[in-house]
Amino acid sequence: MGRERDESRCPVLSHFSDNANIVIKEMAALALTGLDIFPWRMEFAEELQRLDIHHTHTLEACEKKFGRDYIRDLVNRYRPTERGRPLALVRPFRRHVPVNDILERNAEPCLELDSTSHFHIDLYGNYLPGLCSGLSIHIDDLGKPVSSGKYPFLSALYARGIQGLYHRAVQTCAFQARPEGYISKCDLCFHIRKYLVTEQFVSSPDFQPAGYYTFS
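Since the structure is predicted, the reported quantities are computational estimates derived from the model, not experimental observations.

Engineer: In this structure, what is going on with the packing of helix H7 (residues 152–173) against helix H8 (residues 185–198)? I would like to understand it.
Structural biologist: Helix packing for two helices is described by the angle between their axes and how far apart those axes are. It is at 11 Å that the axes of H7 and H8 come closest, and there the two elements cross at 55°. On the basis of the axis angle, H7 is oblique to H8. Note on packing geometry: the crossing formed by H7 with H8 is left-handed. Only Lys 185, Leu 188, Cys 189, Ile 192, Arg 193, Tyr 195 and Leu 196 of H8 make contact with H7, whose side of the interface consists of Phe 153, Leu 157, Ile 162, Leu 165, Tyr 166, Ala 169 and Cys 173. Its residues assigned to classes, the contact of H7 with H8 comprises 12 nonpolar, no polar and two charged.

And the structure:
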């Protein structure tokens, strides 16, 4: 059994609400100057310059243009956070582990949700706890105890970790794990959340924006 903790005491600080308003104003000011797109890693600038900027380009098209192992090398060069949408890119190049092993190895609460050293607020006013894309707390709810009634799935992760979310999904929504397993607890977590939103049509404040799951 994993250690449980009070699911109402997620330490999200109230000053984040003020910071979010500042960031939103700064983004609006940048948009007025025309600065809205930039390469996150300058080592990709040369490759971007070789592409037609008037069209979108799939990773498969880039692999044809830049070489057979481009996608695999991209994972190692860019080192995306292995949560949310990037999992589809990373998964083919990682070892898969049975779901029971994932659960046994991760019996503790999700400590990532505590982290406030680097945080994002999306354009809908949702704070992303622990940089976990698709998990959300509205900025109006920051600075006060997280309600387990309003945020049941986030509270389950905070109190009982991936085990809490997994068992809740299995017992209430007939979730079935992938036979091939998962590359991490985050991979399992995202699969559960996507299943709940896109197949069970669960609508919850802690799974916002819902469209994120539709297009992931």
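Having seen it, we continue.
Engineer: Would you mind showing me how to read the packing of aromatic side chains here?
Structural biologist: The geometry of an aromatic ring pair comes down to the distance between the two centres and the angle between the two planes. Considering all chains together, one arrives at 10 aromatic pairs under this definition. A centroid spacing of 6.0 Å and a plane angle of 50° characterise the contact between Phe 119 and Tyr 127, whose relative ring orientation is tilted. Considering the side-chain rings of Phe 153 and Phe 207, the 4.7 Å spacing of their centres and the 20° angle between planes classify their relative orientation as stacked. You can see Phe 153 sitting in helix H7 and its partner Phe 207 sitting in the loop between H8 and helix H9 (211–214), a full 54 residues away along the chain. Comparing Phe 153 with Phe 207, the two get one shared label, buried. Three or more aromatic residues joined by ring pairs form one cluster here, namely Phe 153, Phe 190, Phe 207, Tyr 212 and Tyr 213.

Engineer: Looking at this model, I keep getting lost on the side chain of Asp 122. Mind explaining?
Structural biologist: Take Asp 122: it is sitting in the loop between strand E1 (120–121) and strand E2 (126–128). For the buried Asp 122, which has no salt bridge, the nearest side chain bearing the opposite charge is Arg 85, at an N-O separation of 10 Å. Of the polar contacts made by the side chain of Asp 122, one reaches the backbone nitrogen of Tyr 124; its length is 2.8 Å. Polar side-chain contacts of Asp 122 include one of 3.0 Å to the backbone nitrogen of Gly 125. Those residues within four positions of Asp 122 in sequence are excluded, and the remaining contacts are Leu 128 and Pro 209.

Reading guide: rules and limits
The numbers attached to residues start from 1 for each chain and follow its sequence in the written order. At least 70 in pLDDT is required for a residue's local features to be given in this predicted model, at least 80 for side-chain atom pairs to be given and counted, and no such filter applies to totals for whole chains, interfaces and linings, which use all residues. Side-chain metrics rest on all non-hydrogen atoms present in the structure, leaving aside hydrogens and water. Fitted lines through C-alpha atoms give the axes, limited to the stretch in contact for helices. The angle between two N-to-C directions lies from 0 to 180 degrees. For helices the rule is a DSSP run of H or I covering at least 4 residues; for strands it is a run of E covering at least 2, with both sets numbered from the N terminus onward. Throughout this description, any angle smaller than 35 degrees is read as roughly parallel, any larger than 145 degrees as roughly antiparallel, any in the 65 to 115 degree range as roughly perpendicular, and the remainder as oblique. By convention, the crossing between two helices is left-handed when the near helix turns anticlockwise from the far helix through less than a right angle, and right-handed when the turn is clockwise. The contact rule is simple, with two residues in contact once any of their heavy atoms fall within 4.5 Å. For this classification, Asp, Glu, Lys and Arg are treated as charged, while Ala, Val, Leu, Ile, Met, Phe, Trp, Tyr, Cys and Pro are nonpolar and the rest, including Gly, are polar. Pairing of aromatic rings covers Phe, Tyr and the six-membered ring of Trp, with a centre-to-centre limit of 6.5 Å; geometry is then stacked below 30 degrees between planes, edge-to-face above 60, and tilted otherwise. For every residue, the accessible area (1.4 Å probe, protein chains only) is compared with the maximum for its type, and the residue is labelled buried under 20%, exposed over 50%, or partly exposed between those bounds. Counting rule for charge: Lys and Arg are taken as positive, Asp and Glu as negative, and neither His nor the chain ends is counted. Only one rule defines a salt bridge in this text: a Lys or Arg side-chain nitrogen within 4 Å of an Asp or Glu carboxyl oxygen. The term polar contact refers here to a pair of N or O atoms within 3.5 Å; inside protein, the definition further demands a hydrogen-donor-capable atom paired with an acceptor-capable atom, and it admits residues adjacent in sequence only when both atoms are side-chain atoms.

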